[in-house]
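# Fold and geometry: a report
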Amino acid sequence: MGRVGEQRPTRSRILPYSDTKGGEAVELYNQSNQRHALEWQELLAADIMAVNEDGLWTHMKFGYSLPRRNGKNEVIVMRELWGLVHGEKILHTAHKTTTSHSAWDRLVHVLSECGYIELGRRKKNEESTEGKGFRTTKQFGLETITIPETGGTISFRTRTDNGGLGEGYDLLVIDEAQEYTTAQESSLTYIVSASQNPQTILCGTPPTMVSTGTVFTDMRDDVLGGTMEEAGWAEWSVDAEPKDLTDVELWYKTNPSLGQILTERVIRSEIRGDKLDFVIQRLGYWFRYSLKSAISKAEWEALAAQKLPELSGKLFVGIKYGVDGNNVALAIACRTWDGKVFTEVVDCRPVRDGNAWILAFLMKAQTETVVLDGKGGQDELKQAMKQVGLREPVCPTSWEFINANAVFTQAVADAQIVHMNQPSLTQAASNCERRNIGNNGGFGYRSLKDEIDIALLDSVILATWACSKYKPRTKQSISY
């Protein structure tokens, strides 16, 4: 065999495991007289079907993304085939009815290739057929497959905002996951809750500019960021938008089936179309610019002042250590003469530069309150502030951080924020999206672009919050 694509994901987060049912699934699949699992499919199946010491799925949720035509759905076939043979109840959903129908047709063919015989409709009082047999419902949009011997069954459906409510399954498959919306997730999340060993699998490609779903992207961010428990992720992708689309090395890096079921000639012919579409769908690039920012650039720039406004009152500081632990940002906020909040980023530097620059600013400035958040260096900075005689900073709780974001968001909406249109801050503010915090509607912000550190905006949010909630002390007056 000649050269083949990279068999292991370019980016992944797999929880540790010592046992898996993936080998059993691959063995079942390989009984087909026309199909044989590729190495990357075997490895991915092992990760998806990893089990813990209690025999439960290690990853209750698993998402994976590959460029098109690499055979990502064959891994789903392996998982569903194993589930049918082992008596699971499965729901396979897709964005389009034609896609769910194709998935049904594919699984029927694999069953037949593996020696399973499609059984006719059983007549009344007729004994059930023993052995390798399956029954199927072929109605378009309502397809099902059942193996009577094991009781395993799978239904194929098109996703809707209320589909699946009231039904229970062991395995939920989200095909075309880039189109999976939050409304659809709300109606499907709990359908596997009653299972003793539930699993949800999302598979697809990175979203394009016309994709409507956000759940797949959110899951990717959460799993790779380590904030989603008992979940796994795998993808084949480029980290940045490439300048040279003809770079064959990138093709092999992002297409594991290249040299096996894909050829260089086919990929070369695809470059003639939409360049951005090629980068996303053939090189697996997660293009974040297409997503709408929670704060538009026009909205943010409308709050900019032409000259530094007249300030009055106390100075408040927000310090935020980035989620990735690389950078720390410092911003200030102060009331203007007309009661608005003026805010500005003082600096954003790598954490490795130390705290000297932060301490120097705080010792020189006459601050009323310093709000400090972020695990990257929070404790160390608190101790350093204490050693130089600075007042102890406020370290917000989760609820207070949620409140800070709500206060800032409302201030932007009410045009109560004033700034000097710093390019870095404008870039961060106009390229952010909301992220859920907790289960009660709380939210924060995250960046739409990997190269923009949301700590810039977060430091402004913390400073604005401290400034907004400050109530000056009033002297008590006594009259006779």
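Rules behind the numbers
Residues numbered from 1 in each chain as written. Predicted model: local features only at pLDDT ≥ 70, side-chain atom pairs only at ≥ 80, totals over all residues. Heavy atoms only, no water. Helix = DSSP H or I, 4+ residues; strand = E, 2+ residues; numbered from the N terminus. Buried < 20%, exposed > 50% of the residue type's maximum accessible area, 1.4 Å probe, protein only. Areas by Shrake-Rupley, 256 points an atom, 1.4 Å probe, with all protein chains shown as cover. Lys, Arg positive; Asp, Glu negative; His and termini not counted. Charge placed at Lys NZ, Arg CZ, Asp CG, Glu CD. Axes fitted to C-alpha atoms, helices over the stretch in contact; angles between N-to-C directions. Left-handed = near helix turned anticlockwise from the far one by under 90°. Contact = heavy atoms within 4.5 Å. Nonpolar A, V, L, I, M, F, W, Y, C, P; charged D, E, K, R; others polar. Expected span 1.5 Å × (residues − 1). Pairing = 2+ DSSP bridges. Parallel < 35°, antiparallel > 145°, perpendicular 65-115°, else oblique.

## Some remarks on the overall build of the protein
Broken down by element type, the protein carries 15 helices and 19 strands. Over its C-alpha atoms, taken along the principal directions, the protein stretches across nearly 100 × 60 × 40 Å. For the protein, with 480 residues in total, the buried portion stands at 49%. When the accessible area of the protein is evaluated, it comes to approximately 23900 Å², of which 47% is carbon and sulfur surface. Charged side chains of the protein number 54 positive and 62 negative; the gap between the two group centres comes to 5 Å.

## A few points about the packing of helix 3 (residues 72-85) against helix 4 (residues 97-113)
Two elements in contact, helix 3 and helix 4, have axes whose closest approach is 10 Å; the angle formed by their N-to-C orientations is 60 degrees. Seen along the crossing, helix 3 lies across helix 4 with a hand that is right-handed. Between helix 3, through Asn73, Glu74, Val77, Glu80, Leu81 and Leu84, and helix 4, the contact on the second element is made entirely by Arg106, Leu107, Val110 and Leu111. Classifying every residue of the contact of helix 3 with helix 4 by side-chain character gives 6 nonpolar, 1 polar and 3 charged.

## Describing helix 3
Here helix 3 is 14 residues long and its end C-alpha atoms lie 21 Å apart, about the 20 Å a rise of 1.5 Å per residue gives. The buried fraction of helix 3 is high, at 13 of 14 residues. Downstream of helix 3 by a residue or two, Gly87 has a phi angle that is positive, lying close to 80 degrees.

## Remarks on the sheet that holds strand 14 (residues 327-336)
An order of 16-13-14-15-17 is seen for the 5 strands of this open sheet, with the pairing classed as mixed. Two strands lie at the open edges of the sheet, namely strand 16 (367-373) and strand 17 (417-418), each paired on one side alone. Summarising the sheet, strand 15 (residues 341-350) and strand 17 pair through 2 bridges and their orientation is parallel. Its bridge partner lying in strand 17, Phe342 is registered against Val418. The sheet strands contacting helix 15 (residues 455-469) are strand 13 (311-321), strand 14, strand 15, strand 16 and strand 17, and the helix crosses strand 14 at an angle near 35 degrees.

## Focus: the packing of helix 2 (residues 39-48) against helix 3
For the pair helix 2 and helix 3, interaxial distance at closest approach is 10 Å and the crossing angle is 50 degrees. The angle between the axes of helix 2 and helix 3 places the two elements in the oblique class. Seen along the crossing, helix 2 lies across helix 3 with a hand that is right-handed. For the pair helix 2 and helix 3, the contacting residues are Trp40, Gln41, Leu44, Ala45 and Ile48 in the first and Lys72, Glu74, Val75 and Met78 in the second. The residue makeup of the contact of helix 2 with helix 3, split by class, is 6 nonpolar, 1 polar and 2 charged.

## Side note on the sheet that holds strand 5 (residues 89-94)
Pairing is mixed in the open sheet, where 10 strands are placed in the order 1-12-4-11-10-5-9-8-7-6. The outermost strands of the open sheet, each flanked by one partner alone, are strand 1 (11-13) and strand 6 (117-118). Two elements, strand 6 and strand 7 (residues 133-137), share 2 bridges in a ladder whose sense is parallel. From the neighbouring strand, Glu118 faces strand 7, where its bridge partner is Phe134. Strands in contact with helix 4 are strand 5, strand 7, strand 8 (144-147) and strand 9 (152-158); relative to strand 9, the strand with the most contacts, it is inclined by about 155 degrees. Sheet strands in contact with helix 6 (residues 215-224) are strand 1, strand 4 (61-65), strand 11 (199-204) and strand 12 (231-235), and its direction is about 105 degrees off that of strand 12.

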